[in-house]
Protein chains: 2
Amino acid sequence: MMKNHYEKLKGCRASKNRDEVLFVMENQNCPLSVEEIYGKVKAKNSSISLSTVYRIIDKLLNLEIIRKAATLEDNTSLYELTKDSHHHYMICTKCKKMIPIDICPIEELEHKISDSTGFNITGHKFELYGECKNCAQKQDRS
Amino acid sequence: MMKNHYEKLKGCRASKNRDEVLFVMENQNCPLSVEEIYGKVKAKNSSISLSTVYRIIDKLLNLEIIRKAATLEDNTSLYELTKDSHHHYMICTKCKKMIPIDICPIEELEHKISDSTGFNITGHKFELYGECKNCAQKQDRS
DNA sequence: CTATTAATGCAAATGATTTGCATTTGCATA
DNA sequence: TATGCAAATGCAAATCATTTGCATTAATAG
(Lines give C-alpha, C1' and ligand atoms only; values in the text may rest on other atoms or scores of the structure.)
Protein backbone atom coordinates (compact mmCIF):
# COMPACT_ATOMS: atom_id res chain seq x y z
CA MET A 1 0.00 0.00 0.00
CA MET A 2 1.87 3.05 -1.21
CA LYS A 3 1.68 6.22 0.76
CA ASN A 4 1.26 9.31 -1.35
CA HIS A 5 2.86 12.52 -0.38
CA TYR A 6 0.49 14.95 -2.01
CA GLU A 7 -0.44 17.73 0.34
CA LYS A 8 -3.32 18.55 -1.95
CA LEU A 9 -4.97 15.19 -1.40
CA LYS A 10 -5.38 15.92 2.28
CA GLY A 11 -9.14 16.32 2.16
CA CYS A 12 -9.59 13.21 0.04
CA ARG A 13 -10.54 9.75 1.01
CA ALA A 14 -7.87 7.10 0.39
CA SER A 15 -8.18 5.27 -2.89
CA LYS A 16 -6.07 2.45 -4.20
CA ASN A 17 -7.05 3.31 -7.75
CA ARG A 18 -5.96 6.89 -7.42
CA ASP A 19 -2.67 5.77 -5.92
CA GLU A 20 -2.13 3.45 -8.87
CA VAL A 21 -2.84 6.22 -11.33
CA LEU A 22 -0.41 8.52 -9.55
CA PHE A 23 2.18 5.76 -9.39
CA VAL A 24 1.94 5.27 -13.13
CA MET A 25 2.27 8.98 -13.75
CA GLU A 26 5.23 9.30 -11.40
CA ASN A 27 7.12 6.63 -13.24
CA GLN A 28 6.68 8.05 -16.66
CA ASN A 29 8.83 10.50 -18.53
CA CYS A 30 6.21 11.79 -20.92
CA PRO A 31 2.56 12.77 -20.81
CA LEU A 32 0.02 9.98 -20.89
CA SER A 33 -3.45 9.59 -22.25
CA VAL A 34 -6.27 8.28 -20.10
CA GLU A 35 -6.33 5.11 -22.14
CA GLU A 36 -2.61 4.59 -21.55
CA ILE A 37 -2.94 5.12 -17.84
CA TYR A 38 -5.86 2.73 -17.80
CA GLY A 39 -3.79 0.12 -19.63
CA LYS A 40 -0.79 0.49 -17.36
CA VAL A 41 -2.81 0.25 -14.19
CA LYS A 42 -4.58 -2.84 -15.41
CA ALA A 43 -1.35 -4.40 -16.61
CA LYS A 44 0.00 -4.19 -13.07
CA ASN A 45 -2.83 -6.36 -11.92
CA SER A 46 -5.41 -4.06 -10.54
CA SER A 47 -8.85 -4.10 -11.97
CA ILE A 48 -9.98 -0.61 -12.62
CA SER A 49 -12.59 0.75 -14.97
CA LEU A 50 -11.97 3.33 -17.63
CA SER A 51 -14.55 5.72 -16.25
CA THR A 52 -12.86 5.59 -12.88
CA VAL A 53 -9.62 6.68 -14.50
CA TYR A 54 -11.46 9.57 -16.13
CA ARG A 55 -12.92 10.57 -12.79
CA ILE A 56 -9.57 10.35 -11.07
CA ILE A 57 -7.98 12.45 -13.80
CA ASP A 58 -10.73 14.99 -13.36
CA LYS A 59 -10.16 15.16 -9.65
CA LEU A 60 -6.40 15.41 -9.99
CA LEU A 61 -6.86 18.22 -12.49
CA ASN A 62 -9.08 20.11 -10.09
CA LEU A 63 -6.57 19.66 -7.32
CA GLU A 64 -3.89 20.80 -9.75
CA ILE A 65 -1.84 17.71 -9.06
CA ILE A 66 -1.78 17.10 -12.77
CA ARG A 67 -2.28 19.30 -15.80
CA LYS A 68 -3.25 18.75 -19.36
CA ALA A 69 0.09 18.68 -21.11
CA ALA A 70 -0.89 18.42 -24.75
CA THR A 71 -3.53 17.32 -27.18
CA LEU A 72 -2.78 14.98 -30.03
CA GLU A 73 -4.04 15.77 -33.47
CA ASP A 74 -6.89 13.32 -32.92
CA ASN A 75 -7.87 15.35 -29.84
CA THR A 76 -6.78 12.80 -27.31
CA SER A 77 -5.66 14.63 -24.19
CA LEU A 78 -2.39 13.88 -22.46
CA TYR A 79 -1.65 14.57 -18.83
CA GLU A 80 1.41 15.03 -16.68
CA LEU A 81 2.20 15.87 -13.07
CA THR A 82 2.13 19.56 -12.22
CA LYS A 83 5.28 19.17 -10.21
CA ASP A 84 7.08 18.40 -13.43
CA SER A 85 8.28 21.64 -14.88
CA HIS A 86 6.16 23.50 -17.37
CA HIS A 87 7.12 22.89 -20.94
CA HIS A 88 5.69 22.15 -24.32
CA TYR A 89 6.15 19.33 -26.74
CA MET A 90 7.02 18.57 -30.25
CA ILE A 91 4.80 15.70 -31.31
CA CYS A 92 5.66 13.35 -34.13
CA THR A 93 2.58 12.86 -36.24
CA LYS A 94 3.80 9.42 -37.29
CA CYS A 95 5.00 7.65 -34.17
CA LYS A 96 3.46 10.02 -31.62
CA LYS A 97 6.77 10.40 -29.86
CA MET A 98 6.87 13.59 -27.82
CA ILE A 99 9.97 15.63 -27.45
CA PRO A 100 9.90 18.30 -24.79
CA ILE A 101 10.77 21.81 -25.89
CA ASP A 102 12.73 23.65 -23.28
CA ILE A 103 11.59 27.05 -24.42
CA CYS A 104 8.21 28.51 -23.58
CA PRO A 105 7.91 31.55 -25.81
CA ILE A 106 4.59 32.41 -24.40
CA GLU A 107 4.94 33.44 -20.83
CA GLU A 108 6.59 36.75 -21.57
CA LEU A 109 4.17 37.34 -24.41
CA GLU A 110 1.23 36.83 -22.13
CA HIS A 111 2.00 39.96 -20.18
CA LYS A 112 2.38 42.09 -23.24
CA ILE A 113 -0.83 40.86 -24.77
CA SER A 114 -2.67 40.92 -21.50
CA ASP A 115 -1.74 44.56 -20.95
CA SER A 116 -2.63 45.73 -24.41
CA THR A 117 -5.98 43.95 -24.64
CA GLY A 118 -7.34 43.69 -21.13
CA PHE A 119 -7.66 40.00 -21.71
CA ASN A 120 -7.09 38.02 -18.54
CA ILE A 121 -5.03 35.12 -19.80
CA THR A 122 -5.40 31.96 -17.78
CA GLY A 123 -3.87 29.38 -20.04
CA HIS A 124 -2.19 28.68 -23.27
CA LYS A 125 -1.64 25.89 -25.70
CA PHE A 126 1.51 25.52 -27.69
CA GLU A 127 2.50 22.46 -29.63
CA LEU A 128 4.66 21.70 -32.58
CA TYR A 129 3.75 18.92 -34.98
CA GLY A 130 5.95 17.23 -37.48
CA GLU A 131 8.09 14.23 -38.15
CA CYS A 132 10.86 13.06 -35.90
CA LYS A 133 14.25 12.13 -37.33
CA ASN A 134 13.46 8.43 -37.13
CA CYS A 135 10.21 8.56 -39.00
CA ALA A 136 11.64 10.88 -41.63
CA GLN A 137 14.42 8.39 -42.34
CA LYS A 138 12.00 5.50 -42.59
CA GLN A 139 10.01 7.39 -45.14
CA ASP A 140 13.06 8.03 -47.27
CA ARG A 141 13.25 4.33 -48.01
CA SER A 142 9.78 3.96 -49.36
CA MET B 1 -24.93 31.44 -58.87
CA MET B 2 -21.71 32.88 -57.55
CA LYS B 3 -18.53 32.34 -59.41
CA ASN B 4 -15.62 31.40 -57.24
CA HIS B 5 -12.17 32.59 -57.96
CA TYR B 6 -10.15 29.83 -56.42
CA GLU B 7 -7.44 28.64 -58.74
CA LYS B 8 -7.10 25.59 -56.55
CA LEU B 9 -10.62 24.43 -57.30
CA LYS B 10 -9.80 24.08 -60.94
CA GLY B 11 -9.91 20.30 -61.01
CA CYS B 12 -13.15 20.17 -59.04
CA ARG B 13 -16.68 19.73 -60.19
CA ALA B 14 -18.93 22.72 -59.51
CA SER B 15 -20.93 22.58 -56.32
CA LYS B 16 -23.47 25.03 -55.01
CA ASN B 17 -22.91 23.77 -51.50
CA ARG B 18 -19.21 24.36 -51.64
CA ASP B 19 -19.80 27.85 -52.99
CA GLU B 20 -22.13 28.57 -50.11
CA VAL B 21 -19.59 27.38 -47.59
CA LEU B 22 -16.93 29.54 -49.17
CA PHE B 23 -19.28 32.49 -49.28
CA VAL B 24 -19.97 32.16 -45.59
CA MET B 25 -16.28 31.93 -44.82
CA GLU B 26 -15.46 34.92 -47.00
CA ASN B 27 -17.92 37.08 -45.15
CA GLN B 28 -16.73 36.28 -41.72
CA ASN B 29 -14.09 37.97 -39.67
CA CYS B 30 -13.27 35.10 -37.38
CA PRO B 31 -12.80 31.35 -37.63
CA LEU B 32 -15.91 29.23 -37.78
CA SER B 33 -16.84 25.78 -36.61
CA VAL B 34 -18.43 23.28 -38.95
CA GLU B 35 -21.65 23.56 -37.02
CA GLU B 36 -21.63 27.34 -37.44
CA ILE B 37 -21.00 27.12 -41.13
CA TYR B 38 -23.76 24.57 -41.43
CA GLY B 39 -26.14 26.88 -39.59
CA LYS B 40 -25.26 29.92 -41.66
CA VAL B 41 -25.63 28.10 -44.94
CA LYS B 42 -28.98 26.71 -43.93
CA ALA B 43 -30.15 30.06 -42.62
CA LYS B 44 -29.60 31.54 -46.06
CA ASN B 45 -32.08 29.07 -47.47
CA SER B 46 -30.08 26.26 -48.88
CA SER B 47 -30.68 22.81 -47.61
CA ILE B 48 -27.39 21.19 -46.91
CA SER B 49 -26.50 18.31 -44.66
CA LEU B 50 -23.98 18.45 -41.89
CA SER B 51 -21.92 15.64 -43.31
CA THR B 52 -21.67 17.48 -46.58
CA VAL B 53 -20.22 20.45 -44.75
CA TYR B 54 -17.70 18.14 -43.13
CA ARG B 55 -16.76 16.73 -46.50
CA ILE B 56 -16.44 20.16 -48.05
CA ILE B 57 -14.26 21.30 -45.17
CA ASP B 58 -12.12 18.26 -45.67
CA LYS B 59 -11.70 18.97 -49.32
CA LEU B 60 -10.95 22.64 -48.79
CA LEU B 61 -8.36 21.67 -46.22
CA ASN B 62 -6.69 19.33 -48.66
CA LEU B 63 -6.67 22.00 -51.31
CA GLU B 64 -5.27 24.36 -48.71
CA ILE B 65 -8.01 26.86 -49.40
CA ILE B 66 -8.78 26.83 -45.70
CA ARG B 67 -6.80 25.88 -42.64
CA LYS B 68 -7.62 24.82 -39.15
CA ALA B 69 -7.31 28.06 -37.22
CA ALA B 70 -7.87 26.95 -33.66
CA THR B 71 -9.41 24.41 -31.40
CA LEU B 72 -11.77 25.34 -28.62
CA GLU B 73 -11.31 23.84 -25.20
CA ASP B 74 -14.11 21.41 -25.98
CA ASN B 75 -12.12 20.24 -29.00
CA THR B 76 -14.35 21.80 -31.60
CA SER B 77 -12.23 22.81 -34.58
CA LEU B 78 -12.45 26.23 -36.17
CA TYR B 79 -11.51 27.03 -39.74
CA GLU B 80 -10.55 30.09 -41.72
CA LEU B 81 -9.45 30.92 -45.25
CA THR B 82 -5.78 30.38 -45.97
CA LYS B 83 -5.64 33.64 -47.82
CA ASP B 84 -6.29 35.38 -44.53
CA SER B 85 -2.96 36.02 -42.92
CA HIS B 86 -1.56 33.52 -40.48
CA HIS B 87 -2.18 34.41 -36.91
CA HIS B 88 -3.26 32.97 -33.62
CA TYR B 89 -6.09 33.72 -31.30
CA MET B 90 -6.89 34.55 -27.79
CA ILE B 91 -10.09 32.71 -26.94
CA CYS B 92 -12.40 33.81 -24.16
CA THR B 93 -13.40 30.75 -22.21
CA LYS B 94 -16.68 32.40 -21.23
CA CYS B 95 -18.13 33.95 -24.36
CA LYS B 96 -15.91 32.17 -26.89
CA LYS B 97 -14.98 35.46 -28.49
CA MET B 98 -11.75 35.19 -30.40
CA ILE B 99 -9.25 37.99 -30.58
CA PRO B 100 -6.50 37.66 -33.13
CA ILE B 101 -2.96 37.95 -31.88
CA ASP B 102 -0.76 39.74 -34.30
CA ILE B 103 2.40 38.08 -33.11
CA CYS B 104 3.38 34.57 -34.03
CA PRO B 105 6.27 33.75 -31.74
CA ILE B 106 6.68 30.38 -33.23
CA GLU B 107 7.91 30.69 -36.75
CA GLU B 108 11.37 31.83 -35.83
CA LEU B 109 11.50 29.25 -33.09
CA GLU B 110 10.66 26.49 -35.49
CA HIS B 111 13.94 26.88 -37.32
CA LYS B 112 16.00 26.84 -34.15
CA ILE B 113 14.23 23.80 -32.81
CA SER B 114 14.18 22.09 -36.14
CA ASP B 115 17.92 22.51 -36.54
CA SER B 116 18.83 21.33 -33.07
CA THR B 117 16.59 18.27 -33.03
CA GLY B 118 16.30 17.09 -36.61
CA PHE B 119 12.57 17.27 -36.17
CA ASN B 120 10.82 18.23 -39.38
CA ILE B 121 8.19 20.65 -38.13
CA THR B 122 5.10 20.81 -40.30
CA GLY B 123 2.68 22.61 -38.07
CA HIS B 124 2.09 24.25 -34.76
CA LYS B 125 -0.69 25.09 -32.43
CA PHE B 126 -0.69 28.20 -30.33
CA GLU B 127 -3.65 29.54 -28.46
CA LEU B 128 -4.24 31.69 -25.45
CA TYR B 129 -7.20 31.09 -23.20
CA GLY B 130 -8.69 33.42 -20.67
CA GLU B 131 -11.37 35.93 -20.00
CA CYS B 132 -12.05 38.91 -22.19
CA LYS B 133 -12.56 42.34 -20.68
CA ASN B 134 -16.32 42.11 -21.05
CA CYS B 135 -16.73 38.81 -19.30
CA ALA B 136 -14.35 39.81 -16.53
CA GLN B 137 -16.46 42.87 -15.82
CA LYS B 138 -19.67 40.89 -15.77
CA GLN B 139 -18.21 38.58 -13.22
CA ASP B 140 -17.25 41.46 -10.96
CA ARG B 141 -20.92 42.19 -10.37
CA SER B 142 -21.84 38.75 -9.15
C1' DC C 1 -27.04 12.32 -75.04
C1' DT C 2 -24.84 9.14 -72.10
C1' DA C 3 -21.52 7.10 -69.12
C1' DT C 4 -18.56 8.05 -65.40
C1' DT C 5 -17.72 9.48 -61.01
C1' DA C 6 -17.75 13.40 -57.75
C1' DA C 7 -21.05 15.42 -54.63
C1' DT C 8 -24.79 14.73 -51.53
C1' DG C 9 -28.09 13.09 -47.89
C1' DC C 10 -29.16 10.13 -44.36
C1' DA C 11 -28.43 7.07 -40.91
C1' DA C 12 -25.32 4.47 -38.48
C1' DA C 13 -20.56 4.00 -36.70
C1' DT C 14 -16.54 5.99 -34.21
C1' DG C 15 -13.83 7.34 -30.48
C1' DA C 16 -12.88 10.22 -26.63
C1' DT C 17 -15.15 11.61 -22.77
C1' DT C 18 -19.18 12.07 -19.52
C1' DT C 19 -22.97 10.62 -16.79
C1' DG C 20 -26.80 7.96 -14.32
C1' DC C 21 -27.41 4.68 -11.13
C1' DA C 22 -26.74 1.05 -8.13
C1' DT C 23 -23.03 -0.82 -5.22
C1' DT C 24 -18.89 -0.67 -2.45
C1' DT C 25 -15.83 1.38 0.69
C1' DG C 26 -13.29 4.93 3.61
C1' DC C 27 -13.73 7.25 7.57
C1' DA C 28 -15.85 10.14 11.05
C1' DT C 29 -18.51 9.56 14.98
C1' DA C 30 -21.72 7.54 18.17
C1' DT D 1 -16.50 -1.53 17.53
C1' DA D 2 -20.88 -0.63 15.05
C1' DT D 3 -23.39 2.69 11.99
C1' DG D 4 -24.20 6.01 8.57
C1' DC D 5 -23.06 9.16 5.10
C1' DA D 6 -20.53 10.73 1.36
C1' DA D 7 -16.94 9.65 -1.80
C1' DA D 8 -15.21 6.18 -4.95
C1' DT D 9 -16.25 2.67 -8.22
C1' DG D 10 -18.11 -0.24 -12.08
C1' DC D 11 -21.00 -0.76 -15.81
C1' DA D 12 -23.77 0.56 -19.35
C1' DA D 13 -25.78 4.10 -21.70
C1' DA D 14 -25.47 8.90 -23.26
C1' DT D 15 -22.84 12.79 -25.49
C1' DC D 16 -20.64 15.25 -28.92
C1' DA D 17 -17.68 16.19 -32.72
C1' DT D 18 -16.47 13.87 -36.57
C1' DT D 19 -16.40 9.98 -40.02
C1' DT D 20 -18.23 6.55 -42.99
C1' DG D 21 -21.29 3.24 -45.78
C1' DC D 22 -24.50 3.22 -49.09
C1' DA D 23 -27.81 4.54 -52.19
C1' DT D 24 -29.09 8.67 -54.99
C1' DT D 25 -28.28 12.91 -57.65
C1' DA D 26 -25.92 15.73 -60.65
C1' DA D 27 -21.68 17.76 -63.15
C1' DT D 28 -19.05 17.19 -67.09
C1' DA D 29 -16.08 14.75 -70.45
C1' DG D 30 -16.56 12.59 -74.77
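Residues numbered from 1 in each chain as written. Chains lettered and ligands numbered in written order. Predicted model: local features only at pLDDT ≥ 70, side-chain atom pairs only at ≥ 80, totals over all residues. Heavy atoms only, no water.

Some details on the packing of helix α2 (residues 34-44) of chain A against helix α3 (residues 50-62) of chain A
Residue and element names in this part refer to chain A. We apply this condition: Helix axes use the C-alpha atoms of the stretch in contact, all axes being lines fitted to C-alpha atoms, and the angles between their N-to-C directions lie in the range 0 to 180 degrees. By definition, any uninterrupted DSSP run of H or I lasting at least four residues is a helix, any uninterrupted run of E lasting at least two residues is a strand, and each is numbered from the N terminus. Orientation labels follow simple angle bins: below 35 degrees gives roughly parallel, above 145 gives roughly antiparallel, 65 to 115 gives roughly perpendicular, and whatever is left gives oblique. Crossings are assigned a handedness: left-handed for a near helix turned anticlockwise from the far helix by less than a right angle, right-handed for a clockwise turn. We call two residues in contact whenever any of their non-hydrogen atoms come within 4.5 Å of each other. The residue classification treats Ala, Val, Leu, Ile, Met, Phe, Trp, Tyr, Cys and Pro as nonpolar and Asp, Glu, Lys and Arg as charged. All others, Gly included, are polar.
Running from N to C, α2 and α3 point in directions that differ by 120°, and their axes come no closer than 9 Å. Relative to α3, the element α2 lies oblique. For the crossing formed where α2 meets α3, the hand is right-handed. Within the contact between the two elements, α2 uses Val34, Glu35, Ile37 and Tyr38 and α3 uses Leu50, Val53, Tyr54 and Ile57. Of the residues contributing to the contact of α2 with α3, the split by class is seven nonpolar, no polar and one charged.

Observations regarding the nonpolar core
Put simply, the rule reads: Grouping buried Ala, Val, Leu, Ile, Met, Phe, Trp, Tyr and Cys residues that are joined through side-chain atoms within 4.5 Å yields what is termed a nonpolar core. For every residue, the accessible area obtained with a 1.4 Å probe (protein chains only) is divided by the maximum for its type, and the residue is called buried under 20%, exposed over 50%, and partly exposed between those limits.
In terms of nonpolar packing, the biggest core is built from 26 residues, with Met90, Ile113 and Leu128 of chain A together with Met90, Ile113 and Leu128 of chain B touching the most fellow members. Elements with a minimum of two residues in this core: β4 (88-92), α4 (107-117) and β6 (120-131) of chain A together with β4 (88-92), α4 (107-117) and β6 (120-131) of chain B. In this structure isoleucine 113 of chain A touches Gly118 and Ile121 of chain A together with Met90, Ile101 and Leu128 of chain B, once residues within four positions along its chain are discounted. In this structure, Leu22, Val34, Ile66 and Tyr79 of chain B belong to the second largest nonpolar core, which totals 21 residues.

Here's the deal with the relation of the copies chain B and chain A
So the rule is basically this: For the least-squares superposition of copies, only C-alpha atoms count, and only for residues with pLDDT at least 70 in both.
When chain B is fitted to chain A, the best match, at an RMSD of 0.1 Å, comes from turning it 180° and sliding it 0.0 Å along the axis. The symmetry that links the two subunits is that of a two-fold axis. Considering only C-alpha atoms, the residue of chain B closest to the rotation axis is phenylalanine 126 of chain B, which sits at 2.2 Å. Comparing contact sets, 100% of the residues at the interface of chain B also lie at the interface in chain A, consistent with an isologous, same-surface contact.

Here we look at the protein's contact with DNA strand C
What counts is decided by this rule: Being near a molecule or strand, for a residue, comes down to having at least one heavy atom within 4 Å of it. Identification of polar contacts relies on pairs of N or O atoms within 3.5 Å, with a donor-acceptor requirement for protein atoms, meaning one able to donate a hydrogen and the other able to accept it, and with residues adjacent in sequence counted only if both atoms are side-chain atoms.
Around DNA strand C, the surrounding shell holds 21 residues, and the nearest of these are Arg13 and Tyr54 of chain A together with Ser15, Thr52 and Arg55 of chain B. Taking the atoms of DNA strand C that fall within 4 Å of the protein, sugar and phosphate contribute 61% of them. A distance of 2.8 Å is found between a base nitrogen of DNA strand C and a side-chain nitrogen or oxygen belonging to arginine 13 of chain A. Contact between DNA strand C and threonine 52 of chain B: a phosphate oxygen at 2.5 Å from a side-chain N or O atom of the residue.

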